[in-house]
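So the chains spell out like this:
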Amino acid sequence: MAESYHAYMAWLEASAAGHVMRDTGVWTYAIVNLFHLIGIAGLFGAICVLDLRLLGVWRSIPLGMISRPAVNVAGTGLGLAAVTGVFLLATKAREYSDNPFLLPKFVFIVLALLNLVVLHLTPSWRAHRGRDLTQKEYRGLAIFGATSLVFWLGAITCGRLIGYW
Amino acid sequence: MPKRILAAAALAASFAMPAAAHHGWSGQEEKVTELTGTVTKGVSLAGPHGEMQIKVGTVLWEVTLAPPARTAAAGLKPGVIPVGATVTVRGNKSTEPGHREMKTILVVHGDKRYAVYPERN
């Protein structure tokens, strides 16, 4: 397991993505990093609004009016952050593979995505775009807002700390 | 409501703060010292900051340079100092025990002086 992890990191570093990051000028890393941050800003900004609504903030606004724009912006941000993230990692994947914050960050991301999948399977979420939910249904969804905030904040915290190790 | 958001932001910021001490210059010694050694890994400008590695006696030191664009602007680019060359680097050593790393202000190679942080020199 650990062996294939390190082998994968070595492969990633040697890949075309790694070469692009290392050999295309002194601004490459900075610019890719910038788009990574823009992606995270979109992801977390939008997901924050959705999660706070799930937690009961802005009760006068039906969930369905918030969820579509929030999910679209968050999804686009996640895509941008994920693609740029692979490139950033490829710069020095072997070195980063030993960073104590890298694996916790991935664990938080996986947990956040699992949270999202389970939320989308709930009958209340499936119903919320067709009608406003009952108070009972809203209460049932609140936990997903809380766990989502914790997991994404965890991922962001670990991600930021990678650079400080 | 805004109070709640502020509280959340403050909580998030508090996570990041202890680590801030590690970045920049605050994780380094106050005093400026010099190391003279031979280059074991030449200048690399890949990643968030430039770096090279030198051997002082039998000890390897990681030499952290400025961000890539600033390091290149000081004239310090990959290949300008060959591996095996003798260099003197001036900067601030890491305060972390056992961490052989210097954040560098100036690199001297022969009669060439590369001041990556001239304002600190």
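None of the values given here were measured: they were computed from a predicted structure.

(A) Layout of the packing of aromatic side chains. For the structure on display, the rule yields 1 aromatic pair over all chains. Taking NZ or CZ as reference, R53(A) lies 4.4 Å from the ring centre of Y138(A), over its face.

(B) Representation of the pattern of salt bridges within the structure. In the structure shown here, the tally under the stated rule is 5 salt bridges over all chains. Note that E51(B) is salt-bridged to K92(A), the shortest N-O span being 2.6 Å. Residue E51(B) is located in strand β2 (residues 51-56), and its partner K92(A) is located in the loop between α4 (63-91) and α5 (93-96); the two belong to separate chains. When its relative accessible area of 10% is taken as the criterion, K92(A) is described as buried. R70(B) is the salt-bridge partner of E119(B), the closest N and O atoms lying 3.6 Å from each other. Taken together, the residues E119(B) in the segment after β6 (112-115) and R70(B) in helix α2 (residues 68-73) connect sequence positions 49 residues apart. By relative accessible area, which is 55% here, E119(B) ends up exposed.

(C) Structural view of unusual backbone geometry. One non-glycine residue, W58(A), lies in the positive phi region at around 55°. You can see W58(A) is positioned in the loop between α3 (28-54) and α4.

(D) Here's a closer look at a nonpolar patch on the surface. Residue and element names in this part refer to chain A. Where nonpolar side chains cluster on the molecular surface, the patch consists of W27, I31, L34, F35, I38 and L80 and spans about 570 Å² of accessible area. Residue placement: I38 occurs in helix α3. For I38, a relative accessible area of 43% puts it in the partly exposed group.

(E) Examining the confidence of the model for chain B more closely. Confidence in the prediction for chain B averages 86 pLDDT; 81% of positions are at 70 or higher. Contacts for the low-pLDDT stretch residues 16-22 of chain B, under 50 throughout, to residues beyond four places or in other chains number 9 contacts.

(F) Summary view of the nonpolar core. Residues M52(B), I54(B), L76(B), I81(B), V87(B), V89(B) and V107(B) are the most contacted members of the largest nonpolar core, which totals 25 residues. Secondary-structure elements contributing two or more residues to this core are β1 (33-44), β2, β3 (59-64), β4 (86-93) and β5 (101-109) of chain B. Ranked by residues supplied to this core, first place goes to β5(B) with 5 residues. Contact partners of V87(B), with chain neighbours within four places excluded, come to L35(B), T36(B), G37(B), V39(B), M52(B), I54(B), I81(B), V107(B), V108(B) and H109(B). Formed by 23 residues, the second largest nonpolar core is a distinct cluster that contains A74(A), F144(A), W152(A) and A155(A).

(G) Fine view of the environment of I61(A). Position of I61(A) among the secondary structure elements: in the loop between α3 and α4. Sequence separation between I61(A) and F106(A) is 45 residues; the distance between their C-alpha atoms is 33 Å.

(H) Highlighting the pairing of β3(B). All names here are of chain B. Bridging between β2 and β3 involves 6 bridges; their strand directions are antiparallel. Across the sheet, the residue bridging to Q53 is E62, located in β3. Taking the residues between adjacent antiparallel strands as the criterion, β2 and β3 are bridged by 2 residues, where G57 takes a positive phi near 65°. The pairing of β3 with β5 spans 3 bridges and is classified as parallel. For T64, the partnering residue across the bridge sits in β5 and is K103.

(I) Local environment of the environment of G79(A). Residue and element names in this part refer to chain A. You can see G79 is positioned in helix α4. Note on G79: relative accessible area 34%, which makes it partly exposed. In sequence terms G79 and A142 are 63 residues apart; their C-alpha atoms lie 25 Å from each other.

(J) Structural view of the side chain of S124(A). Position of S124(A) among the secondary structure elements: in helix α7 (residues 123-127). Residues in contact with S124(A), not counting those within four places in the same chain, are L133(A), E137(A) and L141(A).

(K) Broad picture of helix α6 (residues 102-121) of chain A. Residues and elements named next belong to chain A. Over its 20 residues, α6 extends 29 Å from the first C-alpha to the last, a length consistent with the 28 Å expected when each residue adds 1.5 Å. For α6, every residue scored as buried is listed here: L102, K105, A112, N115 and L119. Seen along its axis, α6 keeps its buried residues to an arc of 150°; they face one direction. Against the buried residues of α6 lie α1 (2-14), α3, α4, α5, α7 and α8 (135-162).

Parameters at a glance
Residues numbered from 1 in each chain as written. Chains lettered and ligands numbered in written order. Predicted model: local features only at pLDDT ≥ 70, side-chain atom pairs only at ≥ 80, totals over all residues. Heavy atoms only, no water. Phe/Tyr/Trp six-rings, centres within 6.5 Å; stacked < 30°, edge-to-face > 60°. Lys NZ or Arg CZ within 6 Å of the ring centre and 35° of its normal. Salt bridge = Lys/Arg side-chain N within 4 Å of Asp/Glu carboxyl O. Helix = DSSP H or I, 4+ residues; strand = E, 2+ residues; numbered from the N terminus. Buried < 20%, exposed > 50% of the residue type's maximum accessible area, 1.4 Å probe, protein only. Patch = residues over 30% accessible without salt bridge, like charges linked within 9 Å, V, L, I, M, F, W, Y side chains within 5 Å. Areas by Shrake-Rupley, 256 points an atom, 1.4 Å probe, with all protein chains shown as cover. pLDDT = per-residue confidence, 0-100. Contact = heavy atoms within 4.5 Å. Core = buried A, V, L, I, M, F, W, Y, C linked by side-chain atoms within 4.5 Å. Pairing = 2+ DSSP bridges. Expected span 1.5 Å × (residues − 1). Arc of directions from axis to C-beta.

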